[in-house]
Amino acid sequence: RVVIASRTTPGLTLSRLRSQGAVFDVGEVDLKFSLEELSALMNAWDISVSDTTLRQVHKSTEGWAAGLVLTEAYLRSGDEAPDLFAHRMMQKNVYEYLAEEVLRKQPAEARDILMKVALIDPRDPAICMQALGNNRVRQILAEAEEGNLFTARIGDTEAFRFHPLFREFLLLRLEIEVGAEAMKQLRISFAEAYVKSNQYKYQIDQYLAAGENPKAETIIQAEGKRISHPALT
């Protein structure tokens, strides 16, 4: 028997062995803690938390084992704040981990793209390429998924999503590196990229986030009957 452990998927041709039932894969999904497993972990750590906090921890970390370890001190404090990432120590721990173990190891272009596309959710490569003027976005996102960089494809689509904590980290890092005004212009670029695909909801989201309320109102007035958006309620 041979055991191979790797952060990324090894470049091995194992289809024949897999078809024979001779390969057992344990992937990212298998390693995630379920809500029940997280509850058992709290008991093993002898930490008492409310059901609300337990569910919030699970939602914020999505069962990511390292993220759960980083929350241990926070949970022992008995803090019931609903937003884990807003907690200073939690934010500091996760930020340092992602900065040291994940983002810093990526090429400069990949770092730049990952930070910028974090502005939208989900990440549609076609929209991102149009907004950023970079044809390598799709490849960079695919490589991030293959490298298990908290990036996953959404079903059978071409769109990608980031782990919530990873996205929050990227947005914080982007604001530090480019500043609020540059982030506003990026959001406007994304909003304009959504025009051709008639994705009004996402276009409104970006205009509102950029503080361009009049532009968002114009879209709502013109297309309000065709879209569902919180801004209409």
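## Comments concerning the pattern of salt bridges
Right, on to step 1. All chains considered together, the criterion is met by ten salt bridges.
Right, on to step 2. Note that Arg18 and Asp25 form a salt bridge whose closest N and O atoms lie 2.8 Å from each other.
Right, on to step 3. Under the relative-accessibility criterion, Arg18 is labelled partly exposed at 40%.
Right, on to step 4. Residue class for Asp25 comes out partly exposed when judged on its relative accessible area of 44%.
Right, on to step 5. A salt bridge links Glu158 to Arg138; its shortest N-O distance comes to 2.9 Å. Note that Glu158 is positioned in the loop between β1 (151-153) and β2 (160-162) and Arg138 in helix α10 (residues 137-146), a separation of 20 residues in sequence.
Right, on to step 6. A relative accessible area of 33% places Arg138 in the partly exposed class.

## Considerations on unusual backbone geometry
Right, on to step 1. In this structure, the amide linkage connecting Asp121 to the following residue, Pro122, adopts the cis form with an omega of 0°.
Right, on to step 2. Locating Pro122 in the fold gives a position in the loop between α8 (108-117) and α9 (125-132).
Right, on to step 3. Despite not being glycine, Phe150 shows a phi value in the positive range, around 55°.
Right, on to step 4. In this fold, Phe150 is placed in the loop between α10 and β1.
Right, on to step 5. Judged by relative accessible area, which is 10%, Phe150 ranks as buried.

## Some thoughts on the environment of Arg187
Right, on to step 1. Within the secondary structure, Arg187 sits in helix α12 (residues 180-193).
Right, on to step 2. Since its relative accessible area comes to 15%, Arg187 is described here as buried.
Right, on to step 3. Separated by 20 residues in the primary sequence, Arg187 and Tyr207 have C-alpha atoms spaced 6.9 Å apart.
Right, on to step 4. At 3.1 Å, the side chain of Arg187 forms a polar contact with the side chain of Gln206.

Quick notes on the rules
Residues numbered from 1 in each chain as written. Predicted model: local features only at pLDDT ≥ 70, side-chain atom pairs only at ≥ 80, totals over all residues. Heavy atoms only, no water. Salt bridge = Lys/Arg side-chain N within 4 Å of Asp/Glu carboxyl O. Buried < 20%, exposed > 50% of the residue type's maximum accessible area, 1.4 Å probe, protein only. Helix = DSSP H or I, 4+ residues; strand = E, 2+ residues; numbered from the N terminus. Polar contact = N/O pair within 3.5 Å; in protein donor to acceptor, adjacent residues only side chain to side chain.

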